[in-house]
Amino acid sequence: MKAEIADYILARSGPEPEWLRSIDHRTHLRLLNPRMCSGHYQGRLLKLLTEMIRPQRVLELGTYSGYSALCIAEGLGESARLHTVEINDELSDFIADSLAGAPAEISGKIEVHFGDALKVIPQLGGSWDMVFMDADKRLYSSYIDLLLPRLAPGGWIIADNTLWDGNILDPAHDRDPQTRAIRAFNDRVAADPRLQSLIIPLRDGLTLITAAKSL
């Protein structure tokens, strides 16, 4: 996307709250791989999708700096809750600072869990109205196999990075385990007759998934 078009879109896609801008700034200053932060445009989309889906119970896989969790929480109703899972407990102080800098009525809807998502998800129990997947790409197929039986009727899964910088189409990346895993995940979702899915070419690819038939 041309820079001019990107700037035009951002200027007309809803303002980024100052406390989110601060998280993005701190992320780029202090954390490795700051591209992992959802950022202004994707963050506004996550908020909007949450408001459209109107979930009561949301799961996020991959908290990172807390930016995307707070964007989702912005769109939640008063009684709704977000459980976010982060494998890297060294990010705990950074995440705590991010939540502390946000309005209490938003951050208060978030519960952070540290550990391996494949182990944490069964411990949390219950079903999920909405899931945002942005964790280990090598485990995307394992995540969705675990999540589909736990998806509430009418629930949605949103998977990030499903175009993987275009590497999914580049034979030069055939040996890369993350590229192979994203390809397998995309094929797995597209081939499942129970699911409806759409890849949006936003940033690094965002896939929207819901059940077409009973799971």
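Calculation criteria
- Residues numbered from 1 in each chain as written.
- Predicted model: local features only at pLDDT ≥ 70, side-chain atom pairs only at ≥ 80, totals over all residues.
- Heavy atoms only, no water.
- Helix = DSSP H or I, 4+ residues; strand = E, 2+ residues; numbered from the N terminus.
- Contact = heavy atoms within 4.5 Å.
- Polar contact = N/O pair within 3.5 Å; in protein donor to acceptor, adjacent residues only side chain to side chain.
- Buried < 20%, exposed > 50% of the residue type's maximum accessible area, 1.4 Å probe, protein only.
- Salt bridge = Lys/Arg side-chain N within 4 Å of Asp/Glu carboxyl O.
- Core = buried A, V, L, I, M, F, W, Y, C linked by side-chain atoms within 4.5 Å.
- Expected span 1.5 Å × (residues − 1).
- Phe/Tyr/Trp six-rings, centres within 6.5 Å; stacked < 30°, edge-to-face > 60°.
- Lys NZ or Arg CZ within 6 Å of the ring centre and 35° of its normal.
- Axes fitted to C-alpha atoms, helices over the stretch in contact; angles between N-to-C directions.
- Parallel < 35°, antiparallel > 145°, perpendicular 65-115°, else oblique.
- Left-handed = near helix turned anticlockwise from the far one by under 90°.
- Nonpolar A, V, L, I, M, F, W, Y, C, P; charged D, E, K, R; others polar.

K.L.:
Just checking my understanding: could you explain the environment of Thr-207 for this structure?
P.N.:
Position of Thr-207 relative to the elements: it lies in strand 7 (residues 206-211). When neighbours within four sequence positions are excluded, Thr-207 is seen to be in contact with Ile-157, Ile-158, Ala-159, Thr-162, Asn-186, Ser-197, Leu-198 and Ile-199. In this structure the side chain of Thr-207 is engaged in a polar contact, spanning 2.8 Å, whose partner is the side chain of Thr-162.

K.L.:
Please explain unusual backbone geometry as it appears in this structure.
P.N.:
Glycine aside, a negative phi is what most residues show, and trans is what most peptide bonds show. Of note in this structure, Arg-54 is not a glycine but carries a positive phi near 55 degrees. Relative to the assigned elements, Arg-54 resides in the loop between helix 3 (39-53) and strand 1 (57-61). Residue classification places Arg-54 among the exposed residues on the basis of a relative accessible area of 69%. With a phi close to 55 degrees, Asp-165 is a non-glycine residue in the positive phi region. With respect to the helices, strands and loops of the structure, Asp-165 is situated in the loop between strand 5 (151-160) and helix 9 (177-191).

K.L.:
Honestly, the pattern of salt bridges in this entry has me stumped. Any pointers?
P.N.:
Any two side chains of opposite charge can pair, so long as their charged atoms come close to each other. Evaluation of the coordinates by the stated rule reveals eleven salt bridges. For the salt bridge of Arg-188 with Asp-145, the shortest nitrogen-to-oxygen distance reads 2.8 Å. With Arg-188 in helix 9 and Asp-145 in helix 8 (residues 140-147), this pair connects stretches of sequence that are 43 residues apart. By relative accessible area, which is 23% here, Arg-188 ends up partly exposed. The class of Asp-145 is partly exposed, set by a relative accessible area of 44%.

K.L.:
What's the story with the side chain of His-113 in this structure? I'm lost.
P.N.:
Structurally, His-113 is set in strand 3 (residues 110-114). Given the relative accessible area of 14%, His-113 is considered buried. Leave out the neighbours within four places in its chain, and His-113 touches His-83, Thr-84, Val-85, Glu-86, Val-120 and Leu-124.

K.L.:
Even after reading the chapter, I still don't get the nonpolar core, so can you show me in this structure?
P.N.:
Proteins that are soluble and globular tend to have nonpolar side chains buried together. Counting 31 residues, the largest nonpolar core has Leu-20, Leu-70, Ile-72, Leu-82, Ile-110 and Ile-158 as the members making the most contacts within it. Taken together, the elements giving at least two residues each to this core come down to helix 2 (18-30), helix 3, helix 4 (67-74), helix 5 (92-100), strand 4 (128-133) and strand 7. It is helix 4 that provides the largest number of residues to this core, a total of six residues. Here Leu-82 is in contact with Val-58, Leu-59, Glu-60, Ala-69, Ile-72, Leu-76, Lys-109, Ile-110 and Glu-111, once residues within four sequence places are set aside. In terms of nonpolar packing, the next biggest core, distinct from the first, is built from 26 residues, Val-85, Val-131, Met-133 and Leu-147 among them.

K.L.:
Please explain helix 9 as it appears in this structure.
P.N.:
Residue pairs spaced three or four apart in an α-helix point in one direction, given the helix's 3.6 residues per turn. An ideal rise of 1.5 Å per residue puts 21 Å on 15 residues; helix 9 measures up with 21 Å between its terminal C-alpha atoms. When helix 9 is considered as a whole, its buried residues turn out to be Thr-179, Ala-181, Ile-182, Arg-183, Phe-185, Asn-186 and Val-189. Looking at the buried residues of helix 9, the elements they touch are strand 4, helix 8, strand 5, strand 6 (195-200) and strand 7.

K.L.:
Explain the packing of aromatic side chains here, please?
P.N.:
For any pair of aromatic rings, geometry is given as the distance between the ring centres together with the angle between the planes. Under the defined criterion, the tally for this structure stands at two aromatic pairs. A ring pair is formed by Tyr-140 and Tyr-143, whose centres lie 6.3 Å apart and whose planes are at 50 degrees; its orientation type is tilted. Of this pair, Tyr-140 and Tyr-143 both sit in helix 8, three residues apart, which is roughly one turn of that helix. For the residue pair Tyr-140 and Tyr-143, the accessibility class agrees, reading buried in each case. Ring geometry for Tyr-140 against Phe-185: centres 5.2 Å apart, planes inclined by 75 degrees, an arrangement best described as edge-to-face. Here Tyr-140, found in helix 8, pairs with Phe-185, found in helix 9; they are 45 residues apart in sequence, far enough to count as distant. Each residue in the set Tyr-140, Tyr-143 and Phe-185 is aromatic and connected to the rest through ring pairs, giving one cluster. Positioned above the aromatic ring of Phe-94 is the side chain of Arg-26, whose terminal nitrogen or guanidinium carbon lies 4.1 Å from the ring centre.

K.L.:
For this particular structure, what's the right way to read the packing of helix 2 against helix 4?
P.N.:
Helix packing for two helices is described by the angle between their axes and how far apart those axes are. In contact at an axis separation of 10 Å, helix 2 and helix 4 are set at 165 degrees when each is read in the N-to-C sense. In terms of axis orientation, helix 2 runs roughly antiparallel to helix 4. By crossing handedness, the relation of helix 2 to helix 4 is classed as left-handed. Facing helix 2, whose interface residues are Trp-19, Leu-20, Ile-23 and Asp-24, helix 4 presents Tyr-67, Leu-70, Cys-71 and Glu-74. Residue classes in the contact of helix 2 with helix 4 are distributed as six nonpolar, no polar and two charged.

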